[in-house]
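So you can see what is in the structure, the chains are spelled out below.
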Amino acid sequence: MPKVVFRFEDEPDVCAAAQMGENLLAVARRAGVVLDAPCDGRGSCGRCRVRIAAGALDAPKSFLIDEADEESGWRLACLSRVCGDVIVEAGLF
């Protein structure tokens, strides 16, 4: 079972177990991590941006994240699927 660590700038890390292929926004919500997602996870607002610090997520390209940000590890949590252990930075922008 993959482990997801949500890292924040001024708060303790939050760790959560996830199923392979599980939606990252759903994992965050289940773990009590608040990620802003006014579009309710449809990938249309870009507010649930997280940055991959370690590991990987299965995430499609999004028009809301430019190429430079994507290369820096930015993804939309609502479109990302867990594919192994991952550390994501949230609330850092």
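Residues numbered from 1 in each chain as written. Predicted model: local features only at pLDDT ≥ 70, side-chain atom pairs only at ≥ 80, totals over all residues. Heavy atoms only, no water.

### A few points about the overall build of the protein
Move 1: Along its length, the protein carries two helices and five strands.
Move 2: For the protein, the succession of helices and strands along the chain, N to C, is β-β-α-β-α-β-β.
Move 3: Since a compact globule built from 93 residues should have a radius of gyration of about 12 Å, the 12 Å found for the protein is in line with a globular shape.
Move 4: Projected onto the principal axes, the alpha-carbon positions of the protein cover approximately 30 × 25 × 25 Å.
Move 5: Here the protein, with 93 residues, has 43% of them falling under the buried criterion.
Move 6: Taking the contacts inside the protein whose residues are at least 6 apart along the sequence as the reference set, 54% of them involve residues at least 24 apart.
Move 7: Here the protein has roughly 5200 Å² of accessible surface; of this, 48% comes from carbon and sulfur atoms.
Move 8: In the protein, which carries 11 positive and 15 negative side-chain charges, the distance between the mean positions of the two groups comes to 4 Å. (Helix = DSSP H or I, 4+ residues; strand = E, 2+ residues; numbered from the N terminus. Rg over C-alpha atoms; globule rule 2.2 N^0.38 Å. Buried < 20%, exposed > 50% of the residue type's maximum accessible area, 1.4 Å probe, protein only. Contact = heavy atoms within 4.5 Å. Areas by Shrake-Rupley, 256 points an atom, 1.4 Å probe, with all protein chains shown as cover. Lys, Arg positive; Asp, Glu negative; His and termini not counted. Charge placed at Lys NZ, Arg CZ, Asp CG, Glu CD.)

### Remarks on unusual backbone geometry
Move 1: Even without glycine at this site, aspartate 40 takes up a positive phi of about 60°.
Move 2: Mapped onto the elements of the fold, aspartate 40 is located in the loop between helix H1 (24-30) and strand S3 (49-58).

### Considering the environment of valine 4
Move 1: With respect to the element layout, valine 4 can be found in strand S1 (residues 3-7).
Move 2: Separated by 51 residues in sequence, valine 4 and glycine 55 have C-alpha atoms that sit 9.4 Å apart.

### Thoughts on empty space enclosed by the protein
Move 1: This model, assessed by the stated rule, comprises one cavity of 30 Å³ or more.
Move 2: Quantified by volume, the largest cavity comes out at close to 70 Å³.
Move 3: If you trace the largest cavity, you find it lined by Ala59, Pro60, Lys61, Ser62, Ile65, Glu70, Trp74, Arg75, Leu76, Leu79 and Ser80.
Move 4: Here the lining of the largest cavity is composed, by residue class, of six nonpolar, two polar and three charged. (1 Å grid on protein atoms, 1.4 Å probe; cavity = no way out; pocket = protein on both sides within 12 Å on 5 of 7 lines; lining within 4 Å. Points joined across faces, edges and corners; volume = space filled by probe spheres on them. Nonpolar A, V, L, I, M, F, W, Y, C, P; charged D, E, K, R; others polar.)

### A look at the pairing of strand S2 (residues 14-17)
Walk down a regular strand and you will see the side chains alternate between the two sheet faces.
Move 1: Of the pairings in the sheet, the one linking S1 to S2 comprises four bridges and is antiparallel in character. Counted as the bridge partner of valine 5 is cysteine 15 from S2.
Move 2: A loop of six residues connects S1 with S2, the two strands running antiparallel in sequence. (Pairing = 2+ DSSP bridges.)

### Looking at the environment of leucine 64
Move 1: With respect to the helices, strands and loops of the structure, leucine 64 is situated in the loop between S3 and helix H2 (67-71).
Move 2: Expressed as a C-alpha distance, the spacing of leucine 64 and arginine 75, which sit eleven residues apart in the sequence, is 9.3 Å.
Move 3: Sequence-distant contacts of leucine 64, defined by excluding residues within four places in its chain, comprise Gly43, Ser44, Cys45, Gly46, Arg49 and Leu76.

### A short note on the state of the cysteines
Between two cysteines, a covalent bond joining their sulfur atoms is known as a disulfide.
Move 1: Counted according to the given criterion, the structure contains zero disulfides.
Move 2: Free cysteine cysteine 48: the closest other cysteine sulfur is in cysteine 78, separated by 3.6 Å.
Move 3: Taking the relative accessible area as the measure of exposure, cysteine 48 reaches 2% and is therefore buried.
Move 4: Free cysteine cysteine 83: the closest other cysteine sulfur is in cysteine 78, separated by 16 Å. (Disulfide = S-S within 2.5 Å.)

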